[in-house]
Amino acid sequence: MASVETAAEHERILREIESTDTNCIGPTLRSVYDGQEHGLFMEKLDARIRNHDREIEKMCNHHFQGFVDSITELLKVRGEAQKLKSQVIDTNRRLQDDGKDLTSSMEELQQCRVQQRNIATTIDKLTHCLPVLEMYSRLQEQMRAKRYYPALRTLEQLEQTCLPRAGQYRFCSIMAENIPKLRIQIRDTAMTQLRDFLESIRKHSDKIGETAIKQVRRAWSLRYPQCNSAAGSSTHEEEEGDEEEEEMEKMIEREERGIEAPSIHPSIRFDLYFNYYRKQRRKQARLVLQPHSNMHETLEGYRRYFNQIVGFFVVEDHVLHTTQGLVNRAYVEELWELALSKIIAALRTHSSYCDNPDLVLDLKNLIVLFADTLQGYGFPVSQLFDMLLEMREQYGEILLKRWNITFRQVLDQDNYSPIPVSTEQEFKHYTSQFPLQDPELEKLPFPKKLPFSEFVPKVYCQLKEFIYACLKYSEDLHLSSTEVDDMIRKSTNLLLTRTLSHCLQYAIKKKNVGLAELVQVIINTTHLEQSCHFLEEFISNITNVPPDTANATKLYGTSTFKDARHAAEAEIYTSLNAKIDQFLQLADYDWMAAVQGGGTLDTSDYLIDLIAFLKSTFSVFTNLPGKVAQTACMSACKHISTSLMQLLLDPEVRQISMGALHQIHTDVKECESECRLLLHPISDSFTVTSLLPQFFLRLQSSLLSLLFPFLLYKSVFLSLLLSLLHIFCPNLNLFLHTR
């Protein structure tokens, strides 16, 4: 049993030796030598070797002919191989000879590649180092140019970006060590420069504003060439303005180089500069917006005030658009709103002191120029134009005061006589000033007289001048033609109904105004009343608004002149009666005079003078309208008869003699005889010319009835005289006739 297992184990070891790599048979052989059947195993191994030899021999015998053939062929190949070897050696020799140049070239190429690699490495290093050097050079240049805000940005880029990319170099380390020192130096110097900049723009704001306003004025002159003279511009001034503008622009740019900040890094504390700048600019704004106490005295005071404000906000606008963060839109708008309220308050206060319309008009033009200038920089200015509309009321009041003085001077200097014209040129001169429509007068030969006095064309011209003055203020206020037309008409109505009306009333009611002057006033106001529709057309022509436009304001000139004429008529009646009273005060009747025997009594001296006065006065009334002259004459005659009646009814007259009655009878008869002669030049009415003499005729008849029995009975005499009073009333005249 043991021998079988041993044989099987030996068989396994042999198979393992046959199938295993020789490097791994050590353990297998060790197991054989470790056993007791070593000899037996050797026998089996020899038997196995013999078997394999027999198999090899069989195989060799089987393939021997092929082997012989192969050897024969191999011997043949050996000769060819020798030839091939010779060729290979020769080829190799030639290749080696030729490869020497290639090897040399390859070595050179290799050297070039090394150099190229070194150059690329150098370029890469320089690419990171050059920005550092360029940035540092730019930093030095900016510091030399005192542009510290860009220098801070450059310093920040150098520290945060360029130096880390450059690597560890000695010059980078030196730069990194100097950066904190440079930052402190730049910040301190930048703050100093900011203070200098603030001081500089404070000093130059006036000039900057003046230049900006001049630029807008030149734009006006180009847009409206007819306004060149009003704007005070000329070619020489424009050239000077261009030079000043360029100089100011350079100055602003030069001063602002130090505050340019295209981008802000969080580590750079620009808030310090921003807060300081805004705080100081607010202080400067308060100083700029504070006007001088005497600013209202001259236009130059307003101009300096506006120049400073414009200069201030032009700088702020420039800073807003050329920097980032120093100021923002909200800050500028807030500052402008604050400034606008203060500007309007100051202008309202100081303009209220002004009483010169020319100065107010110049101020208005200056405010419009000021508003247009700032509007061009994007600032809202609608409140300024609203304030100008408020100032228009003040301007209108000032104009009314000036024209009140002008009208009074015209009325005081007038001679209240018809204007004599001796030539066609003089006639055209006056008709060009006043629209006279009188074909009959035009047909009369020279010399001739215009029906009105000098104050008619002067007043008419002054009315047109007032309208022009109102129109000038309405220009450039962005108003429609209808609004301008309404504004002018309302102002003109105030001039007519208040100023001119009061002046006419003053001229009519002042002392020492004669009846001839009052008559001429009536004639003058009649012609002015007829010219009102020409004023309507004049306003429509200059405003381009048809007079028949709906809701258009109508002029009140007709009622104004009509009221003045009525006042003059009433003043004529009053003055005429007052003059008659002056003559009647000279009456000195001797109520107890004795009757003169024989002959006729002479008319009283006062009555002769009174009749002469009435003759000269009534001759002037021929130029009055018919009703006015008739009313004046009837009033005068009635007043005379009433006054004579009052002489008889005087309570102090207790007795009247026949001689006194005869004297009064004579005077009344004289009045009756002269009455028709007085009325003839001014009336062709039979009723008037026949009725008025009857006043005195009936007074005469009543006096003749006062005879002896009633001389001492005053009460009865007074009742009879009272009945005479009813005779003098035209309304009772017909009644008395029927009785």
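Preceding this section is the structure that the text describes.
What you see is a predicted model, and the numbers here were worked out from it, not measured in a lab. (Residues numbered from 1 in each chain as written. Predicted model: local features only at pLDDT ≥ 70, side-chain atom pairs only at ≥ 80, totals over all residues. Heavy atoms only, no water.)

## What about a positive patch on the surface?
Here is step 1 of the chain: A cluster of basic side chains, namely Lys279, Lys283, Arg286 and Lys342, defines a positive patch on the protein surface.
Here is step 2 of the chain: Per-element accounting of the positive patch gives the leading share, three residues, to helix H8 (residues 271-288).
Here is step 3 of the chain: Positionally, arginine 286 belongs in helix H8. (Patch = residues over 30% accessible without salt bridge, like charges linked within 9 Å, V, L, I, M, F, W, Y side chains within 5 Å. Areas by Shrake-Rupley, 256 points an atom, 1.4 Å probe, with all protein chains shown as cover. Salt bridge = Lys/Arg side-chain N within 4 Å of Asp/Glu carboxyl O. Lys, Arg positive; Asp, Glu negative; His and termini not counted. Charge placed at Lys NZ, Arg CZ, Asp CG, Glu CD. Helix = DSSP H or I, 4+ residues; strand = E, 2+ residues; numbered from the N terminus.)

## Section: the nonpolar core
Here is step 1 of the chain: Core analysis: the biggest nonpolar cluster contains 167 residues, and Phe306, Phe313, Trp336, Ile343, Leu388, Leu450 and Leu610 have the highest contact counts within it.
Here is step 2 of the chain: Structurally, this core is a two-domain feature, drawing no fewer than three residues from each of domain 2 (186-224 + 268-378) and domain 3 (586-728).
Here is step 3 of the chain: Once residues within four sequence positions are removed from consideration, phenylalanine 313 is found in contact with Leu335, Trp336, Ala339, Leu374 and Phe379. (Core = buried A, V, L, I, M, F, W, Y, C linked by side-chain atoms within 4.5 Å. Buried < 20%, exposed > 50% of the residue type's maximum accessible area, 1.4 Å probe, protein only. Domains from an automatic or database assignment. Contact = heavy atoms within 4.5 Å.)

## Some points on the pattern of salt bridges
When charged atoms on two side chains of opposite charge get close, those side chains can pair.
Here is step 1 of the chain: One pass over the full model with this rule turns up 23 salt bridges.
Here is step 2 of the chain: For the salt bridge of glutamate 199 with arginine 202, the shortest nitrogen-to-oxygen distance reads 2.5 Å. Here glutamate 199 pairs with arginine 202, and both are found in helix H5 (residues 170-223), just three residues apart, close to one helical turn.
Here is step 3 of the chain: Accessibility expressed as a relative area gives 33% for glutamate 199, which makes it partly exposed.
Here is step 4 of the chain: Across the pair glutamate 529 and arginine 565 runs a salt bridge, and its minimum N-O distance is 2.5 Å. Of this pair, glutamate 529 sits in helix H17 (residues 515-530) while arginine 565 sits in helix H19 (residues 557-584); the two residues are 36 residues apart in sequence, bridging distant segments of the chain.
Here is step 5 of the chain: Here arginine 565 falls in the buried class, since its relative accessible area comes to 12%.
Here is step 6 of the chain: Shared partners join several salt bridges into a network, and the residues in it are Asp90, Arg93, Arg94 and Asp97.

## Quick notes on the packing of helix H15 (residues 455-474) against helix H18 (residues 532-543)
Here is step 1 of the chain: Here H15 crosses H18 at 25°, and the two axes come no closer than 11 Å. One finds that H15 runs roughly parallel with respect to H18. Note that H15 runs across H18; the crossing there is right-handed. When H15 is examined against H18, the residues Tyr460, Leu463, Lys464, Ile467, Tyr468 and Leu471 are found in contact with a partner set consisting of Phe534, Leu535, Phe538, Ile539 and Ile542.
Here is step 2 of the chain: Looking at side-chain class alone, the contact of H15 with H18 contains ten nonpolar, no polar and one charged residues. (Axes fitted to C-alpha atoms, helices over the stretch in contact; angles between N-to-C directions. Parallel < 35°, antiparallel > 145°, perpendicular 65-115°, else oblique. Left-handed = near helix turned anticlockwise from the far one by under 90°. Nonpolar A, V, L, I, M, F, W, Y, C, P; charged D, E, K, R; others polar.)

## Things to note about the packing of aromatic side chains
Here is step 1 of the chain: The final tally for this structure, using the stated rule, is 18 aromatic pairs.
Here is step 2 of the chain: Plain terms: the ring middles of tryptophan 403 and phenylalanine 466 are 5.5 Å apart, the flat faces sit at 80° to each other, and that makes the pair edge-to-face. With a gap of 63 residues between them, tryptophan 403 in helix H12 (residues 382-413) and phenylalanine 466 in helix H15 connect regions that are remote in the sequence.
Here is step 3 of the chain: You can call tryptophan 403 buried: its relative accessible area is 7%.
Here is step 4 of the chain: By way of ring pairs, the aromatic residues Phe312, Phe313, Trp336 and Phe379 are connected into one cluster.
Here is step 5 of the chain: We note arginine 195 situated over the ring of tyrosine 276; from NZ or CZ to the ring centre the distance is 5.4 Å.
Here is step 6 of the chain: Positioned over the ring face of phenylalanine 613 is lysine 579, at 6.0 Å from the centre of the ring. (Phe/Tyr/Trp six-rings, centres within 6.5 Å; stacked < 30°, edge-to-face > 60°. Lys NZ or Arg CZ within 6 Å of the ring centre and 35° of its normal.)

All we've got here are geometric facts, nothing functional implied.
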